[in-house]
Amino acid sequence: MAEETIFSKIIRREIPADIVYQDELVTAFRDIAPQAPTHILIIPNVLIPTVNHVTVEDELALGRMITVAAKIAEQEGIAEDGYRLIVNCNRHGGQEVFHIHMHLLGGRSLGPMLSHKGI
Ligand code: AMP
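The structure presented is a predicted model; accordingly, all values stated were derived computationally and were not measured.

Things to note about the overall build of the protein chain
Link 1 in the chain: Along the protein chain, the regular secondary structure elements total three helices and five strands.
Link 2 in the chain: When the helices and strands of the protein chain are placed in sequence order, the string is α-β-β-β-α-β-α-β.
Link 3 in the chain: Against the compact-globule benchmark of 14 Å for 119 residues, the protein chain has a radius of gyration of 14 Å, which places it among compact chains.
Link 4 in the chain: In terms of overall dimensions, the protein chain has a C-alpha envelope of 40 × 35 × 25 Å along the principal axes.
Link 5 in the chain: Put simply, the protein chain has 119 residues, and 34% of those count as buried.
Link 6 in the chain: When contacts within the protein chain are restricted to residue pairs at least 6 apart in sequence, those whose partners lie at least 24 apart make up 57%.
Link 7 in the chain: Of the roughly 7600 Å² of accessible surface on the protein chain, 55% is carried by carbon and sulfur atoms.
Link 8 in the chain: Averaging the coordinates of the 10 positive side-chain charges in the protein chain and doing the same for the 15 negative ones gives two points 5 Å apart.

Here it is as structure tokens:
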């Protein structure tokens, strides 16, 4: 069994978080250290540590993460200008919290996709 992270406590509302959306499959809340005017994390309610742990049983929740991202982008008023969805995996991806999460970033031009260029 994977070890719970702080995100499980946020889902269960045991610790404070600015939750902007929650349903039976996913929870979305504002990132505590925003990297853009809109920075929201969308997570499955079940604990999946990384993308490497995803199975076909998770497809419904993972698909919901995208539809919820689009809905929140609309609510935040950033849909038309655009935004970026990021899922980091493990060390090279820069993952810090081992409960899969999608970053929804927008509200300004985000520039090139990666800060480091080259192979
Ligand atoms: P990652 O590097 O992809 O694992 O991203 C983890 C993200 O979680 C970072 O952007 C953190 O700022 C964010 N984060 C960590 N703890 C919290 C928290 N308690 N509430 C909201 N966001 C958090």
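Some remarks on the nonpolar core
Link 1 in the chain: With 17 residues, the main nonpolar core has I42 and I72 as its most contacted residues.
Link 2 in the chain: At the level of secondary structure, the elements contributing two or more residues to this core comprise β2 (26-30), β3 (38-44), α2 (59-76) and β5 (102-106).
Link 3 in the chain: Excluding residues that lie within four positions of it along the chain, I72 makes contacts with V20, Y21, A28, I40, I42 and L104.
Link 4 in the chain: Counting six residues, the second largest nonpolar core, distinct from the first, contains F7, I10, F29 and L41.

About the cut-offs
- Residues numbered from 1 in each chain as written.
- Predicted model: local features only at pLDDT ≥ 70, side-chain atom pairs only at ≥ 80, totals over all residues.
- Heavy atoms only, no water.
- Helix = DSSP H or I, 4+ residues; strand = E, 2+ residues; numbered from the N terminus.
- Rg over C-alpha atoms; globule rule 2.2 N^0.38 Å.
- Buried < 20%, exposed > 50% of the residue type's maximum accessible area, 1.4 Å probe, protein only.
- Contact = heavy atoms within 4.5 Å.
- Areas by Shrake-Rupley, 256 points an atom, 1.4 Å probe, with all protein chains shown as cover.
- Lys, Arg positive; Asp, Glu negative; His and termini not counted.
- Charge placed at Lys NZ, Arg CZ, Asp CG, Glu CD.
- Core = buried A, V, L, I, M, F, W, Y, C linked by side-chain atoms within 4.5 Å.

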